[in-house]
Amino acid sequence: MRKTRATTLAATAMAAALALTGCAKDSGNSGSSNNNNAAAGSCVTAQAPAATAASTSSSAAGAKVDASALRVGLAFDIGGRGDASFNDAAAAGVDKAKSELGVKDVRESTASPTEDEAAKEQRLTQLATDGYNPIVAVGFAYASAVQAVAPKFPNTKFAIVDDDSVTAPNVTPLVFSEEQGSFLVGVAAVYKSKNCHVGFVGGVNTPLIQKFEAGFVAGAKAASNKVQITSDYLTPAGDNTGFQDPAKGNIKAAAEFSAGADVVYQAAGASGKGVFQAASAAKGLAIGVDSDQYNQATVAEYKDVIMTSMLKRVDVAVFDYIQALAGNTLSSLPKRFDLSVDGVGYSTSGGRVDDIKPQLEGYRQAIISGSIKVPTTPQK
């Protein structure tokens, strides 16, 4: 279990980040106008990069094709369809392929929290044996299983979300720049924080979830040199129950709110519901993850505290993969789904971040252009 840490950032520690973003200190009542920081709260100390009107980004997918001949196997991570997060995003991609590309035959199977590698291999083997092609493995936990099963079915196409370690010719990795989208919601958290204290709750302490934390912390630091940040994880690496334990998510988030945080970002799968519960009880704000959780039915009772969500477009990646496979254009897929192809981003449902969209767009464009480099590991 990762210990809670709270760090008040000194101005000297921000020198490099401010130089990187080209930010100047907000002059407050100096009399000079700063439209791009018009919505800045008292926690914001850095001017956001200017946004340009011509910025666009788009998925790399090509023209629509007929995918009716494909039989899609969908191997969910723990939580499955209905987790209001990661798995639901993958399901949305397949649902879109059914409605827009004509996919008719889909079989879904869900991992249990405590299953071993043999169970994952059996799930993939059964789908392949039954003729499902392609098979989409949702989550890095399937890496070893895909590595073992894919060579046994060379004529079956596999895709794996969140892992690029498998190099078999019939396996396509679908990976993301989670840190980039997390940077943007870190900025948003600072702009909306009244206490200048924000928090992060990760499901399982793995390098993947650390990318979410790293981006969030970097974004918060870029916007403010005085923000206090608290980070927690629900379970250590190897214990994937952290993605399906709302009660534990509630306890961790409640502790962060009690310590003074008023905006908490969760990257905890189905455990995120507990974070939303804690935010509601504390009259604070929360940031969702993966899907636009403001619009998720399974957490609808907490929508009023969800100020935004970091969109990890697993739906886009899965849909684009199915479309590219049907059109024989797999080589057109991006190596990594990042801000430049709408692979990650932030939601605006509920209107809570509408007033800071110019600032968020300025940072987004700076990341796409390369003038801001977002770290992938948390900076101590």
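Here, every reference points to the structure presented above.
Residues numbered from 1 in each chain as written. Predicted model: local features only at pLDDT ≥ 70, side-chain atom pairs only at ≥ 80, totals over all residues. Heavy atoms only, no water.

Caption draft 1: Representation of helix H7 (residues 246-258). Under the 1.5 Å per step criterion, the end-to-end length of H7 is 18 Å for 13 residues, consistent within 8% with the ideal 18 Å. Along H7, the positions that sit buried rather than exposed are Gly249, Lys252, Ala253, Glu256 and Phe257. Projected onto a plane normal to the axis of H7, the buried residues spread over an arc of 140° and lie on a single side. In H7, the exposed residues that point more than 90 degrees away from the buried face are Ile251 and Ser258. Along its buried surface, H7 packs onto strand E7 (197-205), strand E8 (228-236), strand E9 (263-267), helix H8 (272-282) and strand E10 (285-290). Residue Gly260 follows H7 closely and has a positive phi angle near 120°. (Helix = DSSP H or I, 4+ residues; strand = E, 2+ residues; numbered from the N terminus. Expected span 1.5 Å × (residues − 1). Buried < 20%, exposed > 50% of the residue type's maximum accessible area, 1.4 Å probe, protein only. Arc of directions from axis to C-beta. Contact = heavy atoms within 4.5 Å.)

Caption draft 2: Focus on the state of the cysteines. In the structure shown here, the tally under the stated rule is 1 disulfide. Here Cys43 engages in a disulfide with Cys196; their sulfurs sit 2.1 Å apart. Residues Cys43 and Cys196 are joined through a disulfide that is right-handed, its torsion about the S-S bond being 65°. Here the residue Cys43 occupies a position in the loop between helix H1 (15-21) and strand E2 (71-76), and Cys196 occupies one in the loop between helix H5 (178-192) and E7, the gap between them amounting to 153 residues. Across the pair, exposure class does not vary: Cys43 and Cys196 are buried alike. (Disulfide = S-S within 2.5 Å.)

Caption draft 3: Structural context of the environment of Phe257. Tracing the chain through its elements places Phe257 in helix H7. Spatially, the C-alpha atom of Phe257 lies 6.5 Å from that of Ala282, the residues being 25 residues apart in sequence. Beyond its immediate chain neighbours, meaning those up to four positions away, Phe257 contacts Asp262, Val263, Val264, Val275, Ala278, Ala279, Ala282, Gly284 and Leu285.

Caption draft 4: Here's a closer look at the packing of aromatic side chains. Tallying each qualifying case throughout the model produces 6 aromatic pairs. Both rings, one in Phe183 and one in Tyr363, keep their centres 5.8 Å apart while their planes meet at 55°; by these two values the pair is tilted. Of this pair, Phe183 sits in helix H5 while Tyr363 is found in helix H10 (residues 357-369), placing the two residues 180 residues apart along the sequence. The class of Phe183 is buried, set by a relative accessible area of 2%. Classification of Tyr363 by relative accessible area gives buried; the value is 0%. An angle of 35° between the planes, with centres 6.5 Å apart, marks the rings of Phe200 and Phe216 as tilted. Placement of the pair is Phe200 in strand E7 and Phe216 in helix H6 (residues 207-223), with a sequence separation of 16 residues. You can call Phe200 buried: its relative accessible area is 0%. Here Phe216 falls in the buried class, since its relative accessible area comes to 0%. An aromatic cluster is present here, built from Phe200, Phe216, Tyr233 and Tyr265 joined pairwise through their rings. (Phe/Tyr/Trp six-rings, centres within 6.5 Å; stacked < 30°, edge-to-face > 60°.)

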